[in-house]
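Secondary and tertiary structure notes
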Amino acid sequence: QRVQRFGVVGGYLGQWPIPAADTVVGPHLAVAADGTLFLTAPVWGQVERRDGEGRVLGQWGATGSGPGQFNLPVGLALDAGGRRLFVADALNHRVQVFAVR
């Protein structure tokens with residue numbers, strides 16, 4: 001029921017809690033080169049952007065089937081340049097792409 005952060009050689013750097021309901025099928029996360037994290041979980045219906053300390057920098061989305069809405073978001077990935085975030089939206093049968101820079 002937490003996200004833990006470690007250094008490149010394994011040293012513990014910190015953690016922050018997540019709601020217990022989200023640990024069954026998430027959260028899912030992607031990490032940018034600058035340490036920014038993008039998280040989602042099926043019960044949230046949103047994507048969160050957090051800094052390396054776990055502070056929420058922003059969020060978007062809602063439950064639904066329209067643009068920017070999700071119905072069981074189950075995966076995240078960033079492109080090689082860290083400028084686009086891909087969100088796998090299982091029950092809407094699609095991958096949505098968002099600009100993040």
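Residues numbered from 1 in each chain as written. Predicted model: local features only at pLDDT ≥ 70, side-chain atom pairs only at ≥ 80, totals over all residues. Heavy atoms only, no water.

To continue, consider the pattern of salt bridges. For the coordinates displayed, the defined rule picks out five salt bridges. Between Glu53 and Arg5 there is a salt bridge, with its nearest N and O atoms 2.7 Å apart. Note that Glu53 is positioned in the loop between β5 (47-50) and β6 (56-60) and Arg5 in strand β1 (residues 2-6), a separation of 48 residues in sequence. The class for Glu53 is partly exposed, based on a relative accessible area of 46%. Residue Asp89 pairs with Arg94 through a salt bridge whose shortest N-O separation is 2.9 Å. On the basis of relative accessible area, Asp89 is assigned to the buried category, the value being 1%. With relative accessibility at 25%, the residue Arg94 sits in the partly exposed group. (Salt bridge = Lys/Arg side-chain N within 4 Å of Asp/Glu carboxyl O. Helix = DSSP H or I, 4+ residues; strand = E, 2+ residues; numbered from the N terminus. Buried < 20%, exposed > 50% of the residue type's maximum accessible area, 1.4 Å probe, protein only.)

In this section: the sheet that holds strand β3 (residues 28-31). Read across the open sheet, the four strands follow the order β3-β4-β5-β6; overall the sheet is antiparallel. Here the strands that pair on one side only, and so sit at the sheet edges, are β3 and β6. Averaged over all pairs of adjacent strands, the angle between their axes in this sheet comes to 20°, without regard to strand direction. In this sheet, β5 lies alongside strand β4 (residues 37-40) in antiparallel orientation, the contact comprising four bridges. Note on β5: the bridge partner recorded for Leu37 is Arg50. (Pairing = 2+ DSSP bridges. Axes fitted to C-alpha atoms, helices over the stretch in contact; angles between N-to-C directions.)

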